Amino acid sequence: MTLQQEIVGNAMQMAVVSLQPGQTVYCEAGKFLFKTTNVTMETRLSGPSNSGGGRQQGGGSGGMGGLLRQAMGTAMQVGQRALAGESLAFQYFTAQSGEGTVGFAGVLPGEMRALELDGTRAWFAEKDAFVAAESTVDFGIAFQGGRTGMSGGEGFVLEKFTGRGTVIIAGAGNFIDLNPADFGGRIEVDTGCVVAFEEGIQYGVQRVGGLNRQGLMNAVFGGEGLSLATLEGNGRVILQSLTIESLANALKKAQGGDKQGPTGGLFSTHAG
């Protein structure tokens, strides 16, 4: 059953979802706006892949063994989300006795996008991009390992969406869709500009220039710090025009507390 949704608004968009009787959509806690009275709301710690009471595997799947496996799965999901700094709970909305309507939004001024998963390719998104999804879409956490996460400072934790159905994401500012294959197979972007990308895109972080005079000039005065994100391959990439750090620094400056100063990225102070 396809999720019927409409993204409305301009500077601060929201998604209005129409649910058929019995259809369920879930969101990250804090992204819900409104609903009709015939839509039930339930808050759970488990994601959709671990909340369907009857979907247990194996011949002796019932009883205490099944409950224990389900509890352990939920604990692992919650632990991953806690490490990633994500919300610990999801809110589930189900239409009862007729068609229902639910509204969702992100937390920053910007765009939203509905992604359609067909089961062949996963999607990855930056932390806090997830807004809502059909119950047939699984939400997970992907940890970028080794040098990618340690050298970049951003992009170490990604949200991962698998399965079939619609997932709605949000970002800051305006979106642009790119395919690295159209630009020689590789693009380099500010680490805070990446919103989401398809499975098959190789995501990494590289140092801005060498440890020479020009490399240090880029890092200190260029406002980019020491790293850029790299995206390689053939697939969809969604970038945003506004980064959370730039928004935080603009607000601090407007309040007379500019922490960035004249030297830009290397010595800037991240909000929070």
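Everything numeric in this text was worked out from a predicted model, so none of it was measured.

A. Up close: the packing of aromatic side chains. Considering all chains together, one arrives at 12 aromatic pairs under this definition. Between Arg-44 and the ring centre of Tyr-92, over which it is positioned, the NZ or CZ distance is 3.8 Å.

B. Looking closely at the sheet that holds strand E2 (residues 14–19). One open sheet holds the four strands; their spatial order is E1-E2-E7-E4, and the pairing between them is antiparallel. Edge strands, defined here as strands with exactly one partner in the open sheet, are strand E1 (4–8) and strand E4 (32–35). In this sheet, adjacent strand axes meet at a mean angle of 20 degrees when their direction is disregarded. With three bridges connecting them, E4 and strand E7 (residues 100–105) associate as antiparallel partners. Residue Phe-34 lies in a different strand from E7, and its bridge partner there is Gly-103.

C. Up close: the environment of Gly-47. Take Gly-47: it is sitting in the loop between strand E5 (39–44) and helix H1 (63–84). Taking the relative accessible area as the measure of exposure, Gly-47 reaches 2% and is therefore buried. As for Gly-47 and Tyr-92, which are separated by 45 residues in sequence, their C-alpha atoms are 9.6 Å apart.

D. Expanded view of the environment of Val-195. Among the secondary structure elements, Val-195 is positioned in strand E15 (residues 194–198). In sequence terms Val-195 and Lys-127 are 68 residues apart; their C-alpha atoms lie 8.6 Å from each other. Filtering out sequence-adjacent residues up to four positions away, Val-195 remains in contact with Phe-124, Ala-125, Glu-126, Ala-129, Ile-169, Ala-170, Phe-175, Ile-238, Leu-239 and Gln-240.

E. Layout of the nonpolar core. Core analysis: the largest hydrophobic core is formed by 21 residues, its most contacted members being Tyr-26, Phe-130, Phe-161, Val-167 and Ile-169. Elements that contribute at least two residues to this core include exactly strand E6 (90–95), strand E8 (112–118), strand E9 (123–126), strand E10 (130–134), strand E11 (137–143), strand E12 (157–170) and E15. If you tally residues by element for this core, the top one is E12, at four residues. Apart from residues no more than four positions distant in its own chain, Phe-130 is found in contact with Tyr-26, Cys-27, Glu-28, Lys-31, Phe-90, Phe-139, Glu-159, Phe-161, Val-167 and Ile-168. In this structure, Val-17, Ala-95, Ile-168 and Ala-170 belong to the second largest nonpolar core, which totals 16 residues.

F. Region of the structure containing the side chain of Lys-31. Mapping Lys-31 onto the fold places it in the loop between strand E3 (24–28) and E4. Among the polar contacts made by the side chain of Lys-31, one reaches the side chain of Glu-28 at a distance of 2.9 Å. Here the side chain of Lys-31 touches Asp-128 through a polar contact of 3.5 Å, landing on its backbone oxygen. Ignoring any residue separated from it by four or fewer positions in sequence, one finds Lys-31 in contact with Gly-103, Phe-104, Ala-105, Gly-106, Val-107, Asp-128, Phe-130 and Val-131.

G. Structural context of the pattern of salt bridges. Enumeration according to the criterion identifies nine salt bridges in this entry. Note that Glu-42 and Arg-44 form a salt bridge whose closest N and O atoms lie 3.2 Å from each other. On the accessibility criterion, Arg-44 (22% relative accessible area) is partly exposed. Here Asp-177 and Arg-236 are joined by a salt bridge, their closest N and O atoms 3.3 Å apart.

Rules and cut-offs
Residues numbered from 1 in each chain as written. Predicted model: local features only at pLDDT ≥ 70, side-chain atom pairs only at ≥ 80, totals over all residues. Heavy atoms only, no water. Phe/Tyr/Trp six-rings, centres within 6.5 Å; stacked < 30°, edge-to-face > 60°. Lys NZ or Arg CZ within 6 Å of the ring centre and 35° of its normal. Pairing = 2+ DSSP bridges. Helix = DSSP H or I, 4+ residues; strand = E, 2+ residues; numbered from the N terminus. Axes fitted to C-alpha atoms, helices over the stretch in contact; angles between N-to-C directions. Buried < 20%, exposed > 50% of the residue type's maximum accessible area, 1.4 Å probe, protein only. Contact = heavy atoms within 4.5 Å. Core = buried A, V, L, I, M, F, W, Y, C linked by side-chain atoms within 4.5 Å. Polar contact = N/O pair within 3.5 Å; in protein donor to acceptor, adjacent residues only side chain to side chain. Salt bridge = Lys/Arg side-chain N within 4 Å of Asp/Glu carboxyl O.

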